[in-house]
Amino acid sequence: MTAPRHFQLRQPRLAELIAVNLRDRILASEFDDGSNLPKQEDLLEEFGVSPPSIREALRILETEGLVTVQRGNVGGAVVLQPKVEKVAYMLALVMQAAGVSLGDLSHALVQLEIPCAAECARRPDRDRTVVPRLRAVLDASREVIDDPPAYMASARRFHEEMVDSCGNESMILVVGTLESLWSAQVRALLAGQSEPSPLFKDLVFRQQSLEDHEALLDRITAGDDQGTEAVAHRHLLERPAAAYPFSYSRTVVAGLVQGDYGNVSSQVP
């Protein structure tokens, strides 16, 4: 007879259960971004466990980027709500490790912006949620049409606002992450340069860009999703690309994303 096999089922550790509880409460916005979690003595009383379990639970959350633990006399755990910028940085780390080029990133972003534009036109509440935001950026662009660097920055904001206004949260998060990543690379690599792009030096090119943005806003305002998609396709894929004065073969640099949001001082390699 073969002796019966005994399986030892591992019970979740107390720290993991505490981390699950606190994680769910953070993601449910029970704690505001930048606020403190309850003090350790309050957590000990709430969960009825020993200090090591609380400390390990906080380490788990800190590893996930949901809290930062401050030690010392003024210690405590400060809540860090998830943000697109954090996702952009983590994605940039993966891209840099994989050697993804700026050209690859730019191509992906262009392809994904087109359906976002069409989604803006499909929103039944676009007159309230989309059109005013895009019109404000468009008006600002028109005012700086004679200033190439300022117009380039404003034109980039128009695309960011269009993605952020599309109404589909998954698309906003995914494409918005790429937008944050790309914008951070551009801002860092253009820092200190007097002219943003050879094409942007050309007033005719800037005027054509502005006219395309005006056409996009007109089609979105009219709720014409197919017309919006056609204009976006022409603007993003058929017009001459606004080639920036840096090599698109460069690899994405994660430090530029993190530095763009004030977390580290970064150097352009």
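Above this note sits the structure.
Residues numbered from 1 in each chain as written. Predicted model: local features only at pLDDT ≥ 70, side-chain atom pairs only at ≥ 80, totals over all residues. Heavy atoms only, no water.

Chemist: Describe the packing of helix α5 (residues 102-122) against helix α11 (residues 225-238), with residues and values.
Modeler: In the contact formed by α5 and α11, the axes pass within 8 Å of each other and the chain directions differ by 155 degrees. When the interaxial angle is binned, α5 and α11 end up roughly antiparallel. Of the two elements, α5 crosses α11, and the hand of that crossing is right-handed. Across the interface between the two elements, Val-110, Gln-111, Glu-113, Ile-114, Ala-117, Ala-118, Ala-121 and Arg-122 of α5 pack against Asp-225, Thr-228, Glu-229, Ala-232, His-233, Leu-236 and Leu-237 of α11. Across the contact of α5 with α11, the residue classes break down as 8 nonpolar, 3 polar and 4 charged. (Axes fitted to C-alpha atoms, helices over the stretch in contact; angles between N-to-C directions. Helix = DSSP H or I, 4+ residues; strand = E, 2+ residues; numbered from the N terminus. Parallel < 35°, antiparallel > 145°, perpendicular 65-115°, else oblique. Left-handed = near helix turned anticlockwise from the far one by under 90°. Contact = heavy atoms within 4.5 Å. Nonpolar A, V, L, I, M, F, W, Y, C, P; charged D, E, K, R; others polar.)

Chemist: Tell me about the packing of aromatic side chains, residues and numbers included.
Modeler: By the definition in use, this model includes 1 aromatic pair. For the ring pair Trp-182 and Tyr-248, a centre distance of 5.9 Å and an interplane angle of 55 degrees mean the geometry is tilted. One end of the pair, Trp-182, is in helix α9 (residues 169-190); the other, Tyr-248, is in the loop between α11 and α12 (254-260), with 66 residues separating them in the sequence. (Phe/Tyr/Trp six-rings, centres within 6.5 Å; stacked < 30°, edge-to-face > 60°.)

Chemist: Summarise helix α7 (residues 131-143); cite the residues concerned and give the values.
Modeler: Across its 13 residues, α7 extends 18 Å between first and last C-alpha, which sits within 8% of the 18 Å expected from 1.5 Å per residue. For α7, the complete set of buried residues consists of Val-131, Leu-134, Val-137, Leu-138 and Ser-141. Taken around the axis of α7, the buried residues stretch over an arc of 135 degrees, which confines them to a single face. Residues of α7 that are buried make contact with α6 (126-129), α8 (148-164) and α10 (203-221). (Expected span 1.5 Å × (residues − 1). Buried < 20%, exposed > 50% of the residue type's maximum accessible area, 1.4 Å probe, protein only. Arc of directions from axis to C-beta.)

Chemist: Pulling in residues and values, what's your account of the environment of Leu-22?
Modeler: Within the secondary structure layout, Leu-22 lies in helix α1 (residues 14-27). We classify Leu-22 as buried; its relative accessible area is 1%. Here the alpha-carbon distance between Leu-22 and Leu-61, two residues 39 residues apart in the chain, equals 8.3 Å. If we ignore the near neighbours within four places in the chain, the residues touching Leu-22 are Leu-37, Leu-43, Phe-47, Leu-58 and Leu-61.

Chemist: Tell me about the side chain of Ser-141, and name the residues and values.
Modeler: In this structure, Ser-141 sits in helix α7. Within polar-contact distance, the side chain of Ser-141 engages the side chain of Ser-154 at 2.5 Å. Leaving out residues up to four positions away in the same chain, Ser-141 has contacts with Tyr-151, Ser-154, Ala-155 and Leu-210. (Polar contact = N/O pair within 3.5 Å; in protein donor to acceptor, adjacent residues only side chain to side chain.)

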